[in-house]
Structure formats: structure tokens, C-alpha cells
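# Residue-level structural notes
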Amino acid sequence: MTDTTHGTQRTAPAASGNDYVLEIDDLHTHFFTNEGVVKAVDGVSMKLQRGKTLAVVGESGCGKSITARSILQIVDKPGRIVSGSIKLHRSGREGRSAGTIDLAALDPKSKVLRDVRGKDISMIFQEPMTSLSPVHRIGNQIREAVLTHFDVSKEEAHERAVESLRLVGIPRPDRQVDRYPFQLSGGMRQRAMIAMALVGRPDILIADEPTTALDVTTQAQILDLIRELQSELGMSLIMITHDLGVVAEMADDVAVMYLGTVAEEGTVDQIFHEPRHPYTRALLRSVPRVGEHERSKRLYTIAGSVPNPYSRPTGCPYSTRCDFYMDGLCNKVVPPPIAFDETHKARCLLYTNAGVQYMERERQEKGVTA
Amino acid sequence: MSTAHVTSSPEVAPILKIRDLKMYFPVKKGAFSRERGEVKAVDGVSFDIIQGETLGLVGESGCGKTTIGRSIMRVYNPTSGTMEYRSGSGSAVDLAKVQGKDLKGVRKEIRMVFQDPHASLNPRMTLRDIIAEPLRAYGRDKGSSLNDQIASLLKRVGLRPEYMRRYPHAFSGGERQRVGIARALATNPRLLVADEPVSALDVSVRAQIINLLRDLQGELGLTYLFISHDLSVVEHICDRVAVMYLGRIVELAETSRIFASPKMPYTESLLSAVPIADPRQRGSKTRIMLQGELPDPANPPAGCPFHTRCRYAQDVCSEVRPELREVEPGHWAACHFSDELELQGAASLHETSSPLSPRDQRTITQDQTPI
């Protein structure tokens, strides 16, 4: 692959200084249900560079949302963080707290964590109608966020709310501030939720499928808005999505998740142009793309569906659906992360010594029978 | 309103001819629920569905695409217009007026596949009951053959016949959608109205269902009306595409033509809004950002309904409504300036092919394997 085609200013090579704002290390979040333990997040590690965008991709049930919720410790019961660390490196800008804290070690109800939520890290959700309170005015809801985090008067809080609505491009914010969520359209509601998330000027914004419920035209507007705000406010962004198109447009780094583990991680260019993990390759091939009208061609499909979370496969979680399944290996050994370079890692046994030997053996056997 | 024949060529027989279909919903307000105007969900739509084709119906939410599907199923009684359906026996039926026994007869031949496989299957019924219900309704459940029929339907959609005794909750979204398709196929339909059939599914499962729908079409000679907002899926599966905006069809043509050279600015902006799944093409295209929002369908703008958001709008656009006209043979568009505008299609957005080269797609290369 040629490196000269590396896209735009936003995909510039990662700073060698490794300025991370958030580091998740070996996170385990489990759900203790009557039917058994669901390991929704099972040893996830990822890093978010300051000012950059990390996209977390995967199908439903892969643990991407639970990973995001673990960061803020808003995982619903009976789920909880079992082990691992989530290190937040606070900037200390504008007289805020500085230093590094481990969010996973904090009590979900502690004052420190409540301070982190909305001020250091904010989150926006998929369906704005269910995330906004239907019985409070938009302005009230934003004001509440201001008053929680900042020692300001009600008038000042109101002004900040209006300012925040203006920032996200809501027309006539001084009037919209008094409206209820149901009076706004889907796109405007999503903007209002972003306004609420940004009013505390957070260092990190977590966007959980922010455009899934929206039309393509509105999606384009919202993605554009998020991008603009990010460069304007210097935020770092975690983008959770299942839409590879959105990833390609937004991300600097990508983590592909499957059944609670990170199958592959790398820069956006590595993931799309040099995918290593069979799952990443399969995902990329199974989406139809606009502009490639090939009706005669069948779509590539991944066999079966995501396994039941109560009965995870032994060995590699993807082994039951993999095209390159190696019997006796993939169903026995949990693949370790294998680094291809500084940024690119995949958990796949094909790239281990054992895997290479297995494939070599198979090739020879095939040669003999032929 | 013109009664133009919106077909691709005159010699192919349409299975369904829709002419000037209108579906208005009353808006009720006040203490006595008096009617205060109406929402024109579908406002004078004409098109043909040709036997054996897949016609795509695309547009933003609220454009009326689902209402058309439901009007065909006669979930609603249309306000006016005709829907001439050529039934299997060769007789013509107006779906807009048909009642009672005749309606039941037609509903056997036109079936629907729904969006949400979790909501469209009764959780208290086994797969056997779910699929047997339409068979019972048409008295085809006599004798011991019922189980055989259900088994073969399940096999047809790629499920194991043993699953018959299980309940929907035991299945994943993709499997449930297969059950929904099996139920639709139970009465040997000729036309399937598929309303966002893959929108609720995961990427990997979506591809399976799309392939299944295409296989079934080939095997059974089905005709599809495929309602979707996902342009990449529509491009993949549809022969022709109709683009809707505010209750009207604004463009209709063969899929490859509509994607390559749209003739209506709204289609252009829809195509341009689709994210490209290739980071190297980021910023390579000029995205046409639609300003503002879909106007209120209860109070649509005068003239061309799209003029409030159109970047090519002239004075005439706010005064005269452009009719849907044939700008090229088989290519219909409702725009005053279709002949003058050079609109960009999806093809010009993708000079390079998919990120994975064919070699990558077949094999995993083990070079550079770190030891």
C-alpha cells in the first residue's frame, strides 16, 4: 500500500509524543443476570489521542456501547466494571482540576465522578427523544447542566444555554430555549442534545450512534457540525457506530469490536486499506457501496449471526463464523493482540507462529491431494 | 395532473398501475376535534410497477413512501386516485376501491415484509402458528400437508424446519426477518411490498437478507416494491428507483441512470449526503449540504416543493410547480431546469474502486507476519 495517498489534514500521522487523553486498559464489564454472567466487555484496551477521533465499530451486542458507558460508569444494573482501568488525563485548563484519575476505580456516585460527567467527558445518545426529558423545556435542561458544574447565577446559566444552542446552529436560540423537545424535529433535537453535552466545554465527547436515527441529509449536517465543533473547541471524540461510512468520514483511529473484545485496531487508513482481521475484512466487504452498481454480484455475507452472549465460543470469539477457521487452534486458543506496527494491532491466530505453520501444513496437504 | 405512463418501456406489462394517488390525513384540533386542514402524505403520485422488477422508493422520513406502501396494502383507504392491479388470473382490479371478498383475494397476492422483525412477529405464537396464519386465512391448512408446507417455507428462507415449534424470542434479528419473509411467501404472492426490510439489521446480517430477497425473486418470479432510505442498499437491489419528496415523486428512472446522472437537485443532494466508506476519499467530493429541514407536509411550499432548500432555485420555482415529465426516455423528473443543470451523480464521487483490491478480498496474506 502506498503511503503517499494518506488523506487529508485530519489523517495526518499520529503525533509521536503520544498525547493521550484517555487510556482504557484491560476493561471487563460483566452483567450478572439470573441466567448467568454476560461478559459484555471482556478485556478491552483502547487509547484516545488528545484532539483526535476514535471510532468504535461493531455490530449490536459487541459491547461498544457498554464500553462507552463504562467510561462514565453509567452501566445499568446488573452490570458493573469487574476489573481494568480507565485513566483520564485531565488538562487542567481554565482553572479546572488537573492530573490523572482512574475512572474505573471511582464510586459511580462519588463527587469526583459526578464532576467528570458533563465537564470533562460528555455523552450524546442515539435517540434524542428518549434522552431529553419530555416535560422540561430545552433551556431548563441545559441550564441544569450549567448550574451543576459551575458556580454561576441563574441568569448567567440561561445565557450560557442560549449561547450553546447558538453554537450548534439552532436558529433563533433565544426563542427555542423555551420550547419542549417534542416541538423540535429529529435533527434539531439532536442538536439540542449536543448543545447540552457541550455546555460544560468537555475535553472528551462520547457520541453513541449520534446519527443512526436520522435521515442521510440530516446525518450529513450533524456529522459536519460535530467535526466543526471538535476543531473549534479542541475536543477529543469517541464515536460509536456501526456505519462504516461514518467511520471513514470521521475517524482518525478505529477499534473494531466483536463479542466484547477489540478484534482489530489501527489508524482509519490501516483499517480500511490494510485490514488484518478476517472480521474487519468481512465487514468491509458485506456493505454495498453507493456508486458501485453491480447488481449481478451477490453481497458477501458473514455466515450465521453473533453468538448468544451466554454461550460464547471458546478460543477466538469469531471462530464460529470465520472463513479462515483453523480447527484445533482457533477453537482452543484465545488470540493475543499482535502488533503489525506502532498503531496497528489485530487479535488473530493467523498471524502467530502456530497459525503460519497450520496454513503451511494445509497448503502442503492440498498440494499432495492435487 | 397528467396521467402520463411512467413506465420504462411501453411493451412491458405493469403488474400495478398507480395513477394520481392521493392520501390525505385530517388534522384535528380543538375541543370538538374539528378538522383543521389536512396532511397531504401522498399527493398525486403516478407510477407503474413492472412484472418481475424491483422498484425502489426512497426519500427522507415523512416523504410519504411508507404511506404509498400501506395504501397498496389497503391499510388506508386512499383519498383519490386509482391503483390498477393485474391479478394472477389476468383480471384487473382497482386496489383503491376493491372491497370484501375481492380485497381478500388480492391480499393473497400482495404481501408485506415489515421493518422491525421484533415488533412484527407475535411473541406468543410459535413460528408454525405465525406462518400458518395466512394459510389458514385462505383455507389452505387442510390435511397433514400444513406442516410440510411450513417446513418447505422455512427451508426456502434458510431456516431449519425443526425451528417450527419455537417462539420468536429464540431467534436473532436476521432469523426473525427470515420468518417474516416466510410468512409473506406463504400464500404464493406475486408482489411483495418490503418496507425498510433490512434497516433494523446488523451489517453482516443485512447482506444475508438482501441476498435472500434476490434469490427468492429469481426462484419465484416475484415483483418487489422496495421502500428504503438507504441508498446503497437501494442501488444494489433495485432495477428502477423513484425518489419522493413531500408526498410526490420527484424523479424516477433506472437505478444506474439515477445514480449516475440525476436530473433533480434533490436526488443530487441525497446522493451526495451518503458517507463514503473510504477514508482516502475524505474531502474529495464537494458535499452538497441541504440547508434547513423538510417543510411541514401540512403546509407545503408553493411552487416546487423543494425550492426552499434547492441551491439552483430561481424565481419561477417558487411560483410554478414543475410536473413530473420524461426528460430522457425512461427518465422522469420534476424540475424546471432538468435539461440545463449538470448534476453530479454517485459515480463521479467514486473514481477509485473499493478499498480492498480483489486480491485482498480472496486471501489473507501472511506476509509481514511478525514473529
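All residue numbers here refer to positions counted from 1 along the written sequence of the relevant chain. A letter from A marks each chain and a number from 1 marks each ligand, given out in the order of writing. This being a predicted model, a pLDDT of at least 70 is required before a residue's local features are given, and a value of 80 or more before pairs of side-chain atoms are given or counted; all residues contribute to the totals for chains, interfaces and linings.

Moving on: the overall build of chain B. Strands here are runs of E lasting at least two residues and helices are runs of H or I lasting at least four, both read from the DSSP assignment and numbered beginning at the N terminus. Each helix and strand counted, chain B has ten helices and twelve strands in total. Out of the 371 residues belonging to chain B, those deemed buried represent 46%. The exposure label follows from counting other C-beta atoms within 10 Å of a residue's C-beta, where the C-beta atoms are placed from the backbone and the thresholds are 20 or more for buried and 12 or fewer for exposed, leaving partly exposed in between.

Broken down by element type, chain A carries twelve helices and twelve strands. The C-alpha atoms of chain A give a radius of gyration of 22 Å, which matches the 21 Å a tight globule of 370 residues would have. Dimensions of chain A along its principal axes, counting C-alpha atoms only, are 80 × 50 × 45 Å. Within chain A, the fraction of its 370 residues that count as buried is 50%. By definition, residues are in contact whenever their C-beta atoms, placed on the basis of the backbone, come within 7 Å of each other. Contacts in chain A between residues at least 24 apart in sequence constitute 62% of all its contacts with a sequence separation of at least 6. To get the radius of gyration, use the C-alpha atoms; to get the globule rule, take the number of residues to the power 0.38 and multiply by 2.2 Å.

Quick look at the sheet that holds strand β2 (residues 36-49) of chain A now. Residue and element names in this part refer to chain A. One open sheet holds the four strands; their spatial order is β2-β1-β4-β5, and the pairing between them is antiparallel. Edge positions in the open sheet fall to β2 and β5 (98-102), since each of these has one partner strand only. Ignoring which end each strand starts from, the neighbouring axes of this sheet average 10° apart. A fitted line through C-alpha atoms represents every axis, and for helices the fit uses only the stretch in contact; the resulting angles, taken between N-to-C directions, go from 0 to 180 degrees. Along the sheet, helix α1 (residues 64-72) makes contact with β1 (20-33), β2 and β4 (79-91), crossing β2 at roughly 75°. Two strands form a pair only when DSSP identifies at least two bridges running between them.

Let us now look at the packing of helix α3 (residues 127-137) of chain B against helix α4 (residues 145-156) of chain B. Residue and element names in this part refer to chain B. Across the interface, α3 lies against α4 with an axial gap of 10 Å and an inter-helix angle of 110°. As far as their axial angle goes, α4 and α3 are roughly perpendicular. Relative to α4, the crossing made by α3 is right-handed. For the pair formed by α3 and α4, the contact residues are R128, I131, A132 and L135 on the first element and L146, Q149, I150 and L153 on the second. Charged means Asp, Glu, Lys or Arg here, nonpolar means Ala, Val, Leu, Ile, Met, Phe, Trp, Tyr, Cys or Pro, and polar covers whatever is left, Gly included. Grouping the constituent residues of the contact of α3 with α4 by class yields six nonpolar, one polar and one charged. Angular relationships are summarised with four words: roughly parallel below 35 degrees, roughly antiparallel beyond 145, roughly perpendicular across 65 to 115, and oblique for the angles in between. Here a crossing is called left-handed whenever its near helix is offset anticlockwise from the far helix by less than a right angle, and right-handed whenever the offset is clockwise.

Residue and element names in this part refer to chain A. Where helix α4 (residues 138-149) meets helix α5 (residues 154-167), the axes come as close as 8 Å, and the angle between the chain directions of the two elements is 115°. For the crossing formed where α4 meets α5, the hand is right-handed. Where α4 abuts α5, its residues G139, I142, R143, V146 and L147 lie against A157, H158, R160, A161 and S164. Of the residues belonging to the contact of α4 with α5, the class tally is five nonpolar, three polar and two charged.

Glancing now at the domain arrangement of chain A. Residue and element names in this part refer to chain A. Split by domain assignment, chain A resolves into domain 1 (19-120 + 202-290 + 298-305) and domain 2 (135-201). Between the C-alpha centres of domain 1 and domain 2 the distance comes to 25 Å. Looking at the side of domain 1 that touches domain 2 element by element, the count peaks at six residues for helix α8 (residues 216-233). Its residues placed into classes, the side of domain 1 that touches domain 2 shows nine nonpolar, three polar and one charged. For the domain bounds, the source is a domain assignment made automatically or taken from a database.

What follows is about unusual backbone geometry. Residues and elements named next belong to chain A. Omega for the peptide link from K77 to P78 comes to 5°, which places this bond in the cis form. Summarising the element assignment, P78 is placed in the loop between α1 and β4. Of note, the phi angle at Q73 is positive, near 55°, even though the residue is not glycine. Assignment of secondary structure puts Q73 in the loop between α1 and β4.

Moving on to helix α1 (residues 65-72) of chain B. Residues and elements named next belong to chain B. Counting buried positions along α1 gives seven out of eight residues, so the element sits mostly inside the fold. Within α1 the residues assigned to the buried category are K65, T66, T67, I68, G69, S71 and I72. Two residues or fewer after α1 comes R74, characterised by a positive phi angle close to 60°.

Turning our attention to the sheet that holds strand β6 (residues 121-124) of chain A. Residues and elements named next belong to chain A. Taken in spatial order, the eight strands make up an open sheet running β6-β7-β8-β3-β9-β10-β12-β11, and their pairing is mixed. At either margin of the open sheet sits one strand with a lone partner, and together these are β6 and β11 (338-339). Sheet analysis places strand β3 (residues 53-57) next to strand β8 (residues 236-241), joined by five bridges and oriented parallel. Of the residues in β8, the one forming a bridge with V56 is I240. Packing against the sheet, helix α7 (residues 186-198) makes contact with β6 and β7 (204-208), and its axis sits at approximately 170° to β6.

Moving on: helix α5 (residues 173-185) of chain B. Each residue after the first adds 1.5 Å to the expected span of a helix. For α5(B), spanning 13 residues, the distance from its first C-alpha to its last is 18 Å, which sits close to the expected 18 Å at 1.5 Å a residue. Of all 13 residues making up α5(B), 13 are buried, and the element is well covered by its neighbours.

For the rest of this paragraph, the subject is the interface of chain A and chain B. Counting from both sides, the interface comprises 55 residues of chain A and, opposite them, 53 residues of chain B. Among the elements of the structure, α8, α9 (244-250), α10 (268-273), α11 (278-286), β11 and α12 (353-369) of chain A are those that each provide at least two residues to the side of chain A that touches chain B. If one sorts the elements of the side of chain A that touches chain B by residue count, α11(A) sits on top with seven residues. For the side of chain A that touches chain B, the class distribution of residues is 25 nonpolar, 19 polar and eleven charged.

Residue and element names in this part refer to chain A. Tracing the sequence through the fold places L225 in helix α8. When the 18 C-beta atoms within 10 Å are taken as the criterion, L225 is described as partly exposed. A sequence separation of 34 residues divides L225 from R191, and the C-alpha atoms of the two residues are 8.7 Å apart. Here L225 is in contact with V168, G169, R191 and I194, once residues within four sequence places are set aside.

This part is about the confidence of the model for chain B. All names here are of chain B. Confidence of the predictor in every single residue is expressed as pLDDT, which spans 0 to 100. Confidence in the prediction of chain B, expressed as mean pLDDT, is 85, and 88% of residues score 70 or more. Between the elements of chain B, mean pLDDT differs from a low of 40, seen in helix α10 (residues 358-362), to a high of 96, seen in strand β8 (residues 223-227). Within the model, pLDDT remains below 50 along residues 1-5, and this stretch shows eight contacts once partners closer than five positions in the same chain are excluded. In this model residues 350-371 is a low-confidence stretch, pLDDT under 50, and it forms 28 contacts with partners more than four residues away in sequence or in other chains.

All names here are of chain A. Structurally, Y318 can be placed in the loop between α11 and β11. Sequence separation between Y318 and H277 is 41 residues, and the spatial gap between their C-alpha atoms is 9.9 Å. Among residues more than four places away in sequence, those in contact with Y318 are Y258, A263, P278 and Y279.

Regular strands show a simple pattern: their side chains alternate between the two faces of the sheet. All names here are of chain B. With six of six residues buried, strand β9 (residues 240-245) is to be regarded as a mostly interior element. Side-chain alternation along β9 places R240, A242 and M244 on one buried face and V241, V243 and Y245 on a second face that is also buried. Summarising the sheet, strand β3 (residues 54-58) and β9 pair through four bridges and their orientation is parallel. Paired with G56 across the two strands is V241, which belongs to β9. In textbook terms, the turn of a hairpin is the stretch between consecutive antiparallel strands, and for β9 and strand β10 (residues 248-254) this stretch comprises two residues, one of which, L246, has a positive phi near 50°.

So, about the pairing of strand β9 (residues 253-258) of chain A. All names here are of chain A. Of all six residues in β9, six are buried, a share of seventy percent or more. Of the two faces of β9, the one carrying D253, A255 and M257 and the one carrying V254, V256 and Y258 are both buried. Here four bridges tie β3 to β9, and the two strands are oriented parallel to one another. Paired with V56 across the two strands is A255, which belongs to β9. The pairing of β9 with strand β10 (residues 261-267) spans six bridges and is antiparallel. Counterpart to V256 in the pairing with β10 is E264. Counting the residues in the hairpin turn of β9 and β10 gives two residues, including L259, whose phi is positive at 45°.

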